[in-house]
12 protein chains.
Amino acid sequence: MVNKILVVHGPNLNLLGSREENVYGKVSLEDINNKLVALAKELKVDLETYQSNVEGEIVNTIQAAKGKIGAIVINPGGYTHYSVAIRDAIAAVKIPTVEVHLSNIYAREEFRQKSVIAPVVAGQIAGFGANSYLLGLRAAIELLKK
Amino acid sequence: MVNKILVVHGPNLNLLGSREENVYGKVSLEDINNKLVALAKELKVDLETYQSNVEGEIVNTIQAAKGKIGAIVINPGGYTHYSVAIRDAIAAVKIPTVEVHLSNIYAREEFRQKSVIAPVVAGQIAGFGANSYLLGLRAAIELLKK
Amino acid sequence: MVNKILVVHGPNLNLLGSREENVYGKVSLEDINNKLVALAKELKVDLETYQSNVEGEIVNTIQAAKGKIGAIVINPGGYTHYSVAIRDAIAAVKIPTVEVHLSNIYAREEFRQKSVIAPVVAGQIAGFGANSYLLGLRAAIELLKK
Amino acid sequence: MVNKILVVHGPNLNLLGSREENVYGKVSLEDINNKLVALAKELKVDLETYQSNVEGEIVNTIQAAKGKIGAIVINPGGYTHYSVAIRDAIAAVKIPTVEVHLSNIYAREEFRQKSVIAPVVAGQIAGFGANSYLLGLRAAIELLKK
Amino acid sequence: MVNKILVVHGPNLNLLGSREENVYGKVSLEDINNKLVALAKELKVDLETYQSNVEGEIVNTIQAAKGKIGAIVINPGGYTHYSVAIRDAIAAVKIPTVEVHLSNIYAREEFRQKSVIAPVVAGQIAGFGANSYLLGLRAAIELLKK
Amino acid sequence: MVNKILVVHGPNLNLLGSREENVYGKVSLEDINNKLVALAKELKVDLETYQSNVEGEIVNTIQAAKGKIGAIVINPGGYTHYSVAIRDAIAAVKIPTVEVHLSNIYAREEFRQKSVIAPVVAGQIAGFGANSYLLGLRAAIELLKK
Amino acid sequence: MVNKILVVHGPNLNLLGSREENVYGKVSLEDINNKLVALAKELKVDLETYQSNVEGEIVNTIQAAKGKIGAIVINPGGYTHYSVAIRDAIAAVKIPTVEVHLSNIYAREEFRQKSVIAPVVAGQIAGFGANSYLLGLRAAIELLKK
Amino acid sequence: MVNKILVVHGPNLNLLGSREENVYGKVSLEDINNKLVALAKELKVDLETYQSNVEGEIVNTIQAAKGKIGAIVINPGGYTHYSVAIRDAIAAVKIPTVEVHLSNIYAREEFRQKSVIAPVVAGQIAGFGANSYLLGLRAAIELLKK
Amino acid sequence: MVNKILVVHGPNLNLLGSREENVYGKVSLEDINNKLVALAKELKVDLETYQSNVEGEIVNTIQAAKGKIGAIVINPGGYTHYSVAIRDAIAAVKIPTVEVHLSNIYAREEFRQKSVIAPVVAGQIAGFGANSYLLGLRAAIELLKK
Amino acid sequence: MVNKILVVHGPNLNLLGSREENVYGKVSLEDINNKLVALAKELKVDLETYQSNVEGEIVNTIQAAKGKIGAIVINPGGYTHYSVAIRDAIAAVKIPTVEVHLSNIYAREEFRQKSVIAPVVAGQIAGFGANSYLLGLRAAIELLKK
Amino acid sequence: MVNKILVVHGPNLNLLGSREENVYGKVSLEDINNKLVALAKELKVDLETYQSNVEGEIVNTIQAAKGKIGAIVINPGGYTHYSVAIRDAIAAVKIPTVEVHLSNIYAREEFRQKSVIAPVVAGQIAGFGANSYLLGLRAAIELLKK
Amino acid sequence: MVNKILVVHGPNLNLLGSREENVYGKVSLEDINNKLVALAKELKVDLETYQSNVEGEIVNTIQAAKGKIGAIVINPGGYTHYSVAIRDAIAAVKIPTVEVHLSNIYAREEFRQKSVIAPVVAGQIAGFGANSYLLGLRAAIELLKK
């Protein structure tokens, strides 16, 4: 078992804090990453974070995690709703994965209520803002232990 | 602000441990409640748990929580997929609520992938077994603080 | 012909006045019942009111009305959209029934625009707040006369 | 506030009494208008009635009501199910409007169960025969008072 | 193996004989229960019957059957079409179950043609009036033997 | 029985001959009316033809036919696919009606394959160009005889 | 050009006269064939009739018509709604074809309102009982002339 | 009343015992027929069995039953889901019919959950393996008696 | 080529400026027509404007344009979403046509996102308020030149 | 393992070469069979070909292949889209099967894009004209080897 | 306010002129860019153009525009129909955006008639070939002014 | 004609051999490429292979093939189900293309049964594991010859 967790941030999450504050809140991606690092330290796991707007690069990153990462926390952003490529990458590497969302996607537009990623992850956490990531990290650590 | 959290278990959750272990795992409802009590103690909030198989009684319980409970964690069980009555109760009392599920409902039958409750809760946590409840309790406590 | 009308209030209507005022207004259920009693008196019919959050108890109440009640006014609340049990009870007792709604359900969420009760009632009145009940009582009295 | 109500009868309602009696009853449009006039007198509002089979003329009439009419009662007949033009006219003039139907449209063919008008009116009354209009007039008068 | 069969009658079935005779026939629930008792005696199995209009109480009864009942015959009435709670209860207790209907639900309204219960029962018998129960009892006894 | 047939041409049929010849052929509306007159003469019935682009005027014309016309042949043109107003007019006057189309509407765009008029007419003839009208006239005469 | 017309009767049409008279009338298939023969004689074309309940034999018969038959009149009966095999046979032999139906299929069950045959025929005639065939024969003769 | 029952086995049922045992069990068609013969003898009715893979021949057989057979038990096999031809044959001969299935079709693929035959039969029995036929025979005999 | 452009305003556009300002802005129809006249003058084409609330009159106007108008700019208003009659008129006269909308119809209600007119026009411009018309005029002039 | 392959041609394929050449090309069925025989000889397997327009006879032929044929290549023609009977036959005999189509069914009408056969075959080859069969034969031989 | 406009060309637009000329015309992307530059000069705004086939790079470019660009004109090409990532980028940067298409997407395949981008842009222009871009530039400049 | 074939492997195919062996088998991408090279040599065509996880790079590669490649074999992987960008690239370069899939996509999840690529390729081969590629190469060579 690898004691390291990869957090993947999908498209447009690099704009957090400056983007639709009513939906996504005021914290920046850097703030979230800092909180994650602090919690990882407290819970004694290694942590790596990654952000990209390019679907295929997210696929590359997930593939590269094989053998080096024990669990993944991913917010697939807009790709949540159609990226079979990311879904297949997660299924292929067989690393236990937690899907997180800042907003409650089930209280938004119809198309945001369908995640093509969800059927291949261990579980999903949505709607708690930055705290979704922290809860996701805790969930991932539990998956690591199994 | 009321420093007390209500955990509501919907229909058939009283059978946990003896029910479809491949889907729901081996822990009993009592085990889960014990874990919740322990975590609540650690995190310094009061906790109350409730289970019922009767939709209307769950509605009654949610209504009664008004003014006495600061946040709700609910696993609506089978009612997740059609109980507008429970949904309306949650919306009516305006207590911040976390929806939890033991299994990853998005990896199951089509009809289980639609929650009529989700649009009125703060957020949803699904797929982590008993840990969904513990993460839900943490999420609820954060909601309490706001 | 029985000169008595039963008014049935479905789930969460007991919260009226304290619940989502922008949708349901400020009058309480007691206010509505008082207005109904006054109008019934003026129009010279007996009136009975009933509220429950439990679907099956509403079924029980409708069944018990047989032979004792001349017409029913019902606001099925959240059960409007799925309770075949209540629908079947109304169809079974053959008491002429008026379906009422406080809000204009056709200007709300998609799922609220479908009533499974409507096909078995005499008619439907929606959107006039507490006045929906008063109009419903007038409509029920006309049905009584036939 | 203008103390006058306009009742608009849509297509084929001029045939009432001679048309499908099992669905629409035996009263003629003239009978209904007479009943409306009598009730308006009793309730002390002015009343004007209008019937047309031409969609665009109904639009013209609604537009012309602006500033001269306090509330509208409309039975859009067959146009209920597709006339976005009439819907837009009602929304544009912002006169509170009550939609009425003689028959219970929710107990009829699938296509009759969808009203494109309903989302822009204050409320809807359906299924009480000629009485739908009288209840509609009462509802409109209440809207006038607000 | 427990040599006892539980027959569960869902909502409104207590009205049999006095309810929509053209659909459900003239026999009362008591008549059906008597016929069932007689056949059970003939076929040498114990029999228990239960009726409730409350979904959650039906769930309670099915849960309580665990270990005491060898097979269930259930007519879920109106709950047939939406009660995931009853479905989950049947799946959870793992008692072989036969779903019966008095009427041929496939010759009725669209919504009655979908049973959410059917996927978890052993089999379904519909359309033979009171005889559906008797055939269901025979089917249940065969399941008992396996 | 009235020995007279009304032929109603809907919107844009006045452009025949100059309109999309690949779909509708080269004959003008006048040509078709002349052929109809000749055949009516041969078959010894009176004939009246009418064309309008205005939905409501077609409704007016059908209403006016009551008592004066024994059967109707109608090509509702573009109104075929949504005019509940024309449908209701035909159903209201109870004059036996034949629906005709120049083109085979079932070999064209999806939306042209649904006629809201068809359920209330005696029968439908489509795809034979101007001959659809002549066959329609023969069909109408047979309906007259019944 | 071959001056001969083939009339194909699909499944269960051999039962005409003894089958659901309220829908299909009292004339037998022999009556219809006799009427067709008489009209063909009057209009000076050769006529051949064929009936089968077997889809593949109808396909065989259509295939065999190539080069020997100038136009086809077909009532595909129950196969109307799913037989791509018959549709493909008609399209393959390129003989102009008229689809006929005794009843107005657009006033019946939803599934009867969709013909998979219609897109490949010249036109369709439905709803005139035995007269549908006679009108179909006239239509086919016009197609022959082109 | 004719005291004889026809059992019709549809396509691929001749392979029973050697076909997908996990779904259809180990008994052969001959075994089932033998059991049926034995039960028929016990219950004192004549019995005839028939199997064909050809849709049209099944139609022929149902048509031929008219006047010679008092009730039909049919397992339409794969034709269950699309054969309007068989459906129409059953409706045309008006012999009371019981539809049976070895497997619980409601627990299988989506397309197997829709029977086009079901709306015209008296009732349906599904899911009890060979016992479905025996229960079907009992049901058919009851229909005979009416 | 005719150097003249017809601008057609559909139902309720005569209310512009006084109608739902948040959606349609403050400019009146007269303002828009004045701007169009000015731009036409600048760009050296003749211009004619027309407004009607009656679908059939819009059809009449489009038909009358044949031979007199080089290109059409049309805002079909509420008729956008169902008027096959207007669609067919545009297709029949074969005058190049530009469809314009004041608001971004793709950011509004579901039903406003479907234009039955769009498939037969050259192109569509939506969302720029009064400027949609001016851009539409420029587009129409380019079509004129081809 | 049986070293013999059966090629089944469905309805209307006997017309190849003379049928819709733009879709199906000019080669006749005999040409294709000759090519298949030559390739089979080259690749050293026995080959048998069969064509029928009758669904049930194709079922019979597939059933008869059991034990005598090592792999099947089938072009189900029009039956592709609805024949559950053929699907069930293939699933029942458990002979590895290759589905082939001359045309690219995914570039044709909507209904041709759904194969009910595909889920039970090993694989599908479509769009290469006669070459689809040759590739299918190669694929079948590989399946034979496994 | 930044007086600069960014024109973004999506996937495959670099092939313009050599790609499906019947749909997209003969002008190359360079031609379009030259025309845009000329018009920008005339209208006195700065202009920048960008083309990429990579979804994520388009997201990057839109993000980078924040603060440097006053308005965007985008032709999202194939990404129009599914790229929630590009949609979210546009919504996040809050730069007023005009969506343009060379072809009339509403006259093409069903899937091309749905733009996931459209709900977040100011407006859409489609169907005028290269002129769509020029009109889009004019529209963007008007948005700049607000 | 260019005697060279390009084989494009879409996302996650680089993981073959180590990825879900039950679905995709044990051969690695290198194995497949080696087999392709060997077969190409035997069949005397040049071969180039390419793999990328990035949608836009696959578009770039297809665009670059123009004039240098005679036919393409593509396994679009997860992009099969939504990449209009790849579809448009294939349609734009007009190089004959064969779509291949390792698994039988029609026996998998619903969403995998729809290929947006299929309508623009010459044909599709699915379900034969690595052999799908070899058959695809043979198919591509035949397309080259035309």
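Residues numbered from 1 in each chain as written. Chains lettered and ligands numbered in written order. Predicted model: local features only at pLDDT ≥ 70, side-chain atom pairs only at ≥ 80, totals over all residues. Heavy atoms only, no water.

Student: Mind showing me how you'd approach the overall build of chain A here?
Tutor: When helices and strands are tallied, chain A shows 5 helices and 5 strands. Each helix (α) and strand (β) of chain A, taken in turn from the N terminus, gives the series β-α-α-β-α-β-α-β-β-α. Based on the C-alpha atoms only, the size of chain A along its principal axes is roughly 40 × 30 × 25 Å. In chain A, once contacts between residues fewer than 6 apart in sequence are set aside, the share between residues at least 24 apart is 77%. Each charge sign in chain A was given a centre, from 16 positive and 14 negative side chains, and these centres are 7 Å apart. (Helix = DSSP H or I, 4+ residues; strand = E, 2+ residues; numbered from the N terminus. Contact = heavy atoms within 4.5 Å. Lys, Arg positive; Asp, Glu negative; His and termini not counted. Charge placed at Lys NZ, Arg CZ, Asp CG, Glu CD.)

Student: Help me understand the sheet that holds strand β2 (residues 46–51) of chain C, please; the structure alone is not making it clear to me.
Tutor: Strands in a sheet are paired, the pairing made by backbone hydrogen bonds, and the direction either parallel or antiparallel. Strand order in the open sheet formed by 10 strands is β2(C)-β1(C)-β3(C)-β4(C)-β5(C)-β5(D)-β4(D)-β3(D)-β1(D)-β2(D), and the pairing between neighbours is mixed. Since the sheet does not close on itself, it has two edges, and those belong to β2 of chain C together with β2 (46–51) of chain D, each with one partner. Averaged over all pairs of adjacent strands, the angle between strand axes in this sheet comes to 20°, irrespective of strand direction. Relative to strand β4 (residues 97–101) of chain D, strand β3 (residues 71–75) of chain D is paired through 3 bridges, and the arrangement is parallel. Bridge pairing in β4 of chain D links valine 73 of chain D to valine 98 of chain D. (Pairing = 2+ DSSP bridges. Axes fitted to C-alpha atoms, helices over the stretch in contact; angles between N-to-C directions.)

Student: Just checking my understanding: could you explain the pattern of salt bridges for this structure?
Tutor: Should their charged atoms come close, side chains of opposite charge can pair. Per the counting criterion, the structure on display carries 72 salt bridges over all chains. For the salt bridge of lysine 4 of chain I with glutamate 48 of chain I, the shortest nitrogen-to-oxygen distance reads 3.0 Å. A residue pair is termed long-range when its members are at least 10 positions apart, and lysine 4 of chain I in strand β1 (residues 4–9) and glutamate 48 of chain I in strand β2 (residues 46–51) qualify at 44 residues. On the basis of relative accessible area, glutamate 48 of chain I is assigned to the partly exposed category, the value being 35%. Taken together, the salt bridges that share partners define one network made up of Arg87 and Asp88 of chain A together with Arg108, Glu109 and Arg112 of chain L. (Salt bridge = Lys/Arg side-chain N within 4 Å of Asp/Glu carboxyl O. Buried < 20%, exposed > 50% of the residue type's maximum accessible area, 1.4 Å probe, protein only.)

Student: Hey, could you run me through unusual backbone geometry in this one?
Tutor: Outside of glycine, negative phi angles account for most residues, and trans bonds account for most peptide bonds. With phi around 65°, lysine 44 of chain E is a residue other than glycine that occupies positive phi space. When you line up the elements, lysine 44 of chain E lands in the loop between α2 (29–43) and β2 (46–51). What makes lysine 44 of chain E exposed here is its relative accessible area of 66%. A positive phi angle, close to 75°, is found at asparagine 12 of chain F, a residue other than glycine. Relative to the helices and strands, asparagine 12 of chain F resides in the loop between β1 (4–9) and α1 (21–24).

Student: What is the right way to look at the arrangement of the chains in this model?
Tutor: There is a gap between chain A and chain G: no contact, and a shortest C-alpha distance of 29 Å. Chain E shows no contact with chain G. Their nearest C-alpha atoms sit 11 Å apart.

Student: Please explain the sheet that holds strand β5 (residues 123–126) of chain I as it appears in this structure.
Tutor: Read across the open sheet, the 10 strands follow the order β2(I)-β1(I)-β3(I)-β4(I)-β5(I)-β5(K)-β4(K)-β3(K)-β1(K)-β2(K); overall the sheet is mixed. Each end of this open sheet is capped by a strand with a single partner; those strands are β2 of chain I together with β2 (46–51) of chain K. Between one strand axis and the next, the sheet turns through 20° on average, direction left out of account. One ladder, built from 6 bridges, connects β1 of chain I with β2 of chain I; its direction is parallel. Paired with valine 7 of chain I across the two strands is threonine 49 of chain I, which belongs to β2 of chain I. Against the sheet, helix α5 (residues 130–145) of chain K makes contact with β5 of chain I together with β1 (4–9), β2, β3 (71–75), β4 (97–101) and β5 (123–126) of chain K, and its axis sits at roughly 170° relative to β4 of chain K, the strand it touches most.

Student: Help me out: how do you make sense of the relation of the copies chain G and chain H in this one?
Tutor: Here the second copy of the chain follows from the first by a rotation about an axis and a shift along it. Once turned by 120° and shifted 0.0 Å along the axis, chain G lies on chain H with an RMSD of 0.0 Å. Accordingly, the operation relating the two chain copies is best matched by a three-fold axis. When you check the interface residues of chain G against chain H, a mere 18% turn up at the interface there too, and the two sides of the contact use different surfaces. (Least-squares fit on C-alpha atoms with pLDDT ≥ 70 in both.)

Student: Just checking my understanding: could you explain the interface of chain F and chain G for this structure?
Tutor: Many analyses report the size of an interface as the accessible area lost when the parts associate. Facing 22 residues of chain F, the contacting portion of chain G comprises 22 residues. Interface area, chain F with chain G, both sides summed: about 1,700 Å², of which 55% is carbon and sulfur. When the buried area of chain F at its contact with chain G is split by residue, Tyr106, Gln124 and Phe128 of chain F rank highest and sum to 31% of it. Our count for the chain F to chain G interface comes out at 0 salt bridges. When residues of the side of chain F that touches chain G are traced back to their parent elements, those giving at least two are β5 (123–126) and α5 (130–145) of chain F. The greatest single-element share of the side of chain F that touches chain G, amounting to 6 residues, is contributed by α5 of chain F. Here the side of chain F that touches chain G is built from residues that sort into 13 nonpolar, 6 polar and 3 charged. (Buried area = accessible area lost by both parts, 1.4 Å probe. Nonpolar A, V, L, I, M, F, W, Y, C, P; charged D, E, K, R; others polar.)

Student: Mind showing me how you'd approach the relation of the copies chain F and chain G here?
Tutor: The transform that puts chain F on chain G rotates by 180° and translates by 0.0 Å along the axis, for an RMSD of 0.0 Å. What the superposition gives is, in effect, a two-fold axis relating one chain to the other. Within chain F, isoleucine 125 of chain F has its C-alpha nearest the rotation axis, a separation of 2.3 Å. Of the interface residues in chain F, 100% have counterparts in chain G that sit at the interface too, so the contact is made through matching surfaces.

Student: Looking at this structure, how should I read the environment of proline 11 of chain C?
Tutor: With respect to the secondary-structure elements, proline 11 of chain C resides in the loop between β1 (4–9) and α1 (21–24). Remark: the alpha-carbon pair of proline 11 of chain C and glycine 25 of chain C, spanning 14 residues in sequence, is separated by 17 Å.

Student: Looking at this structure, how should I read helix α4 (residues 84–93) of chain C?
Tutor: It helps to recall that an α-helix has 3.6 residues per turn; residues three or four apart then point in one direction. Residue and element names in this part refer to chain C. The buried count for α4 comes to 10 of 10 residues, which makes it a mostly enclosed element. Val84, Ala85, Ile86, Arg87, Asp88, Ala89, Ile90, Ala91, Ala92 and Val93 are the residues of α4 that are buried. Residues of α4 that are buried sit in contact with α3 (55–64), β3 (71–75) and β4 (97–101).

Student: Got a minute to help me understand the pairing of strand β3 (residues 71–75) of chain F in this structure?
Tutor: Along any regular strand the residues' side chains alternate between the sheet's two faces. Residue and element names in this part refer to chain F. Buried residues dominate β3, accounting for 5 of its 5 residues. Side chains of β3 alternate between two faces, with Ala71, Val73 and Asn75 and Ile72 and Ile74 buried alike. Pairing between β1 and β3: 5 bridges, direction parallel. Its bridge partner lying in β3, histidine 9 is registered against asparagine 75.

Student: Before we go on, may I ask you to explain the interface of chain G and chain H in this structure?
Tutor: The interface of chain G with chain H comprises 17 residues on the first partner and 19 residues on the second. Taken together, both faces of the contact between chain G and chain H bury some 1,400 Å²; the carbon and sulfur share is 51%. In terms of surface lost to chain H, no three residues of chain G exceed Asn12, Asn53 and Tyr82 of chain G, which account for 34% of the buried area on that side. Notably, a salt bridge pairs arginine 112 of chain G with aspartate 88 of chain H, separated by 2.8 Å at the nearest N-O pair. Between chain G and chain H we count 10 residue pairs in polar contact (both at pLDDT 80 or more) in total. Residues belonging to the side of chain G that touches chain H are distributed by class as follows: 6 nonpolar, 6 polar and 5 charged. (Polar contact = N/O pair within 3.5 Å; in protein donor to acceptor, adjacent residues only side chain to side chain.)

Student: It is not clear to me how the side chain of serine 132 of chain A should be interpreted in this structure. Could you clarify?
Tutor: Residue and element names in this part refer to chain A. Topologically, serine 132 is positioned in helix α5 (residues 130–145). You can call serine 132 buried: its relative accessible area is 1%. A polar contact is formed between the side chain of serine 132 and the backbone nitrogen of phenylalanine 128, at a distance of 3.0 Å. Each residue touching serine 132, except ones within four places of it in the same chain, is listed here: Val100, His101, Leu102, Ile125, Ala126 and Gly127.

Student: What's the story with the packing of helix α2 (residues 29–43) of chain I against helix α5 (residues 130–145) of chain I in this structure? I'm lost.
Tutor: All names here are of chain I. In contact at an axis separation of 10 Å, α2 and α5 are set at 30° when each is read in the N-to-C sense. It follows from the interaxial angle that α2 and α5 lie roughly parallel. When you trace α2 past α5, the crossing you get is right-handed. Along its contact with α2, which presents Ile32, Lys35, Leu36, Leu39, Ala40 and Leu43, the element α5 presents Ala130, Tyr133, Leu134, Leu137, Arg138 and Ile141. In the contact of α2 with α5, the residues fall into 10 nonpolar, no polar and 2 charged. (Parallel < 35°, antiparallel > 145°, perpendicular 65-115°, else oblique. Left-handed = near helix turned anticlockwise from the far one by under 90°.)

Student: Sorry, what's going on with helix α3 (residues 55–64) of chain K here?
Tutor: Among the 10 residues in α3 of chain K, 7 count as buried, and that is most of the element. When α3 of chain K is considered as a whole, its buried residues turn out to be Glu55, Gly56, Ile58, Val59, Thr61, Ile62 and Gln63 of chain K. Where α3 of chain K is buried, its residues touch α3 (55–64) of chain A, β1, β2, β3 and α4 (84–93) of chain K together with α3 (55–64) of chain L.

Student: Mind showing me how you'd approach the packing of aromatic side chains here?
Tutor: For any pair of aromatic rings, the description rests on two quantities: the centre-to-centre distance and the angle between the ring planes. Enumeration according to the criterion identifies 30 aromatic pairs over all chains in this entry. Here tyrosine 79 of chain E and tyrosine 82 of chain E contribute two aromatic rings whose centre-to-centre distance is 5.7 Å and whose plane-to-plane angle is 65°, an arrangement assigned as edge-to-face. Overall, tyrosine 79 of chain E belongs to the buried group, its relative accessible area being 0%. Summarising the aromatic geometry, the rings of tyrosine 82 of chain F and tyrosine 82 of chain I are spaced 5.7 Å apart at their centres and angled 80° between planes, so their arrangement reads as edge-to-face. Here tyrosine 82 of chain F is found in the loop between β3 and α4 (84–93), whereas its partner tyrosine 82 of chain I is found in the loop between β3 (71–75) and α4 (84–93) on a different chain. Per residue, the accessibility class of tyrosine 82 of chain F equals that of tyrosine 82 of chain I, and both read buried. (Phe/Tyr/Trp six-rings, centres within 6.5 Å; stacked < 30°, edge-to-face > 60°.)

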